[in-house]
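Breakdown of the fold
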Amino acid sequence: MTADAQSPTTEAASTQSFEADVSRLLHLMVHSVYSDRDTFVRELVSNAADACEKLRYEAIAKPELIEDGAPFAVEIAINPDAKTLTFSDNGVGMSREDLTSGLGTIARSGTKAFLDKLAAEDASKEAAAIIGQFGIGFYSAFMVADEVVVDTRRAGTSEAWRWSSDGKGAFTIAPLALESAPKRGTRVTLHLNDESQEFGQPRKLERIVRDHSGAVAVPIDLIEKIGAEKRRIADGAAIWAKPKSEVTAEEYAEFYRGLSGQFDEPALTLHWRAEGRHEYTVLAFIPGSRPFDLFDPARKGRNKLYVRRVLITEDTDILPGWLRFVRLVVDSADLPLNVSRELIQKSDIFAAIRKGVTNRVVQELGKLAEAEPDKFAKVWEHFGAVIKEGLYEDPERRDGLFKIARFVSTAHPGGDRTLAQYVASLRENQTAIYYLTGDDAKRLAASPQLEGFRARGVEVLLLADPVDAFWVSTAAGFDGKPFKSVSQGAADIKSIALVEGANAPAEASGEVATLFAFFKQTLGGEVAEVRASDRLTDSVACLIAPEFGPDRQLEKMLAAHGRLAERAKPILEVNPTHPLTKALAGRFCAGKDKPLIEDAAWLVLDEARLMEGASVEDAPAFAARLRRLMEKALG
């Protein structure tokens, strides 16, 4: 029966005017608080489901309230001829006082304070608390309706009431004949405005319900027209609300595929309920393969936030960006339901849930790494570069991430080295964790800066992901050992013994020192210093960053993005015992071939640039010098 089947009696009817702020509030509700009009379906279904849940609870003490045995349900009925949409429930219902205090919420004295806070740039938690009161969400119905009529009967009473309003200035409450009222519960009828007739289409309504309210704890039925059979469009069950023991691996996998839009198997499924100060349920999945858009800056997450099984948003920021590969559902019992995504994500409760969920995901990754290293290796292969973003962006969790991070190193090129393993294998007198950053691990492995470390059996981490240059420059260290770049400052490794059969450069002779001074004079402003190297064993030269400031890779990245006003001059380190160095020093001290030695100084610098993956800065000059050198050699 529709809400206008019989008019209420006029006895004891009363009309109450809203305060002057009602128009302002409704304008905010329509244009500011809610981002799309579909929201009204979510709000009305949520209110109906809540009413059923309240009666279910009251019936524990008073079973006579549900003595008819009718199962709880929400019913949505379309009347195409009358252009109405009706939401009905057989829940607790409302008395006249409930209607006044509930649906009259916006007429309360707190409204103006709420409006002032909502209008502020950063709505406070007090504003979020006010918007969460029953009644505010109900008024989202006026986004699509010219008039809203509420027929209701409180369970266990013999009185029924009708509330009606056009949302423009007043509402009316009048007694309703029992034959026109629900046996118990509430019936909300919306007279759809001309711009909202689309909501009278069964297919659209079904889609909205499935997307936004398919997980409420009460089944939802749809009646497509007067006289039609009802059709169940939501069964009132949610996979995350079930005990883990009642959900099969196949059911988890199927839900994961629908949630993620992928067709693989999840690498890890996490399902838990948090209890205590805040109560919420989480169902999370680590994908079994890398999404194609993992590094797309415009990429949206697929993490859904529910409040008491009502969908609030499909792309909640419940996880930080460095866990953007995780797919999950969070269902909170504490967050205010009738509030926009923007306000929810500013609330203290949301912040607490966000912290708890993030910590748990990191903990579970740690457990997987320890219990099933082969399985975790696949996860790290797909998502390690993203997880390492957390080392830079989230210092609070850096220690936890260090425990699960895996690295490529000179001793373990497969990329399965942990920091704990590295520290456990430190050489005697080794006081730092050495690393080299760049953009290609294979090129890093061939870097001349590694030669002296390899000669002493010192393992070096090869960090080739873009974020590596950033986090390693801000991290204090691990297990009391600082991180130190092998391409920055003095190597300071002479106290570490050479491995058997390895040789290290001797001290520079007087002739070589004189040559280095000439190199510095020749190269002018291109380098800050030319000095003997104790990190080179085979190559003739390499470039080193100064002791303080960014290392070579970080400086390169900052300069490429316009974040560095001026690059520091590098230090040219030259192997003092290399045959080429000795030959040039001998010729220079004998006063021979000074032009050739000048060319050699520039070619040594350009070779060092090429070895670290850069290009020569003056290609024509480089070619001319190389040609002259070849002509001289061929004499």
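Just above, that's the structure.
Model, not experiment: these values are computed from the prediction.

Details of the packing of helix 20 (residues 594–611) against helix 21 (residues 619–634)
- Running from amino to carboxyl end, helix 20 crosses helix 21 at an angle of 125 degrees, the nearest separation of the two axes being 10 Å. Taken together, the axis directions place helix 20 and helix 21 in an arrangement best described as oblique. When the axes of helix 20 and helix 21 are compared, the crossing they make is left-handed. Contact residues: Leu596, Asp599, Trp602, Leu603 and Asp606 in helix 20; Phe622, Arg625, Leu626, Arg628, Leu629 and Lys632 in helix 21.

Here we look at the sheet that holds strand 12 (residues 304–307)
- Taken in spatial order, the five strands make up an open sheet running 10-11-14-12-13, and their pairing is mixed. Where the open sheet ends on each side, the last strands, each with one partner, are strand 10 (268–274) and strand 13 (310–313). Here the average twist between neighbouring strands, direction ignored, is 20 degrees.
- Along the sheet, helix 9 (residues 348–371) contacts strand 10, strand 11 (280–286), strand 12 and strand 14 (327–332); its crossing angle with strand 10, the most-contacted strand, is approximately 135 degrees.

So, the pattern of salt bridges
- Evaluation of the coordinates by the stated rule reveals 43 salt bridges.
- Residue Arg37 is joined to Glu198 by a salt bridge in which the shortest nitrogen-to-oxygen separation is 2.7 Å. Within this pair, whereas Arg37 is found in the loop between helix 1 (22–33) and helix 2 (39–61), its partner Glu198 is found in the loop between strand 7 (185–192) and helix 6 (202–213), the two being separated by 161 residues in sequence.
- Looking at Arg37, the relative accessible area reads 27%, which means it is partly exposed.
- Residue classification places Glu198 among the partly exposed residues on the basis of a relative accessible area of 30%.
- With its nearest N and O atoms 3.5 Å apart, the salt bridge here joins Glu254 to Arg257. Here Glu254 pairs with Arg257, and both are found in helix 7 (residues 249–260), just three residues apart, close to one helical turn.
- Residue Arg257 is classed as partly exposed on the basis of its relative accessible area, which comes to 22%.

Analysis parameters
- Residues numbered from 1 in each chain as written.
- Predicted model: local features only at pLDDT ≥ 70, side-chain atom pairs only at ≥ 80, totals over all residues.
- Heavy atoms only, no water.
- Axes fitted to C-alpha atoms, helices over the stretch in contact; angles between N-to-C directions.
- Helix = DSSP H or I, 4+ residues; strand = E, 2+ residues; numbered from the N terminus.
- Parallel < 35°, antiparallel > 145°, perpendicular 65-115°, else oblique.
- Left-handed = near helix turned anticlockwise from the far one by under 90°.
- Contact = heavy atoms within 4.5 Å.
- Pairing = 2+ DSSP bridges.
- Salt bridge = Lys/Arg side-chain N within 4 Å of Asp/Glu carboxyl O.
- Buried < 20%, exposed > 50% of the residue type's maximum accessible area, 1.4 Å probe, protein only.

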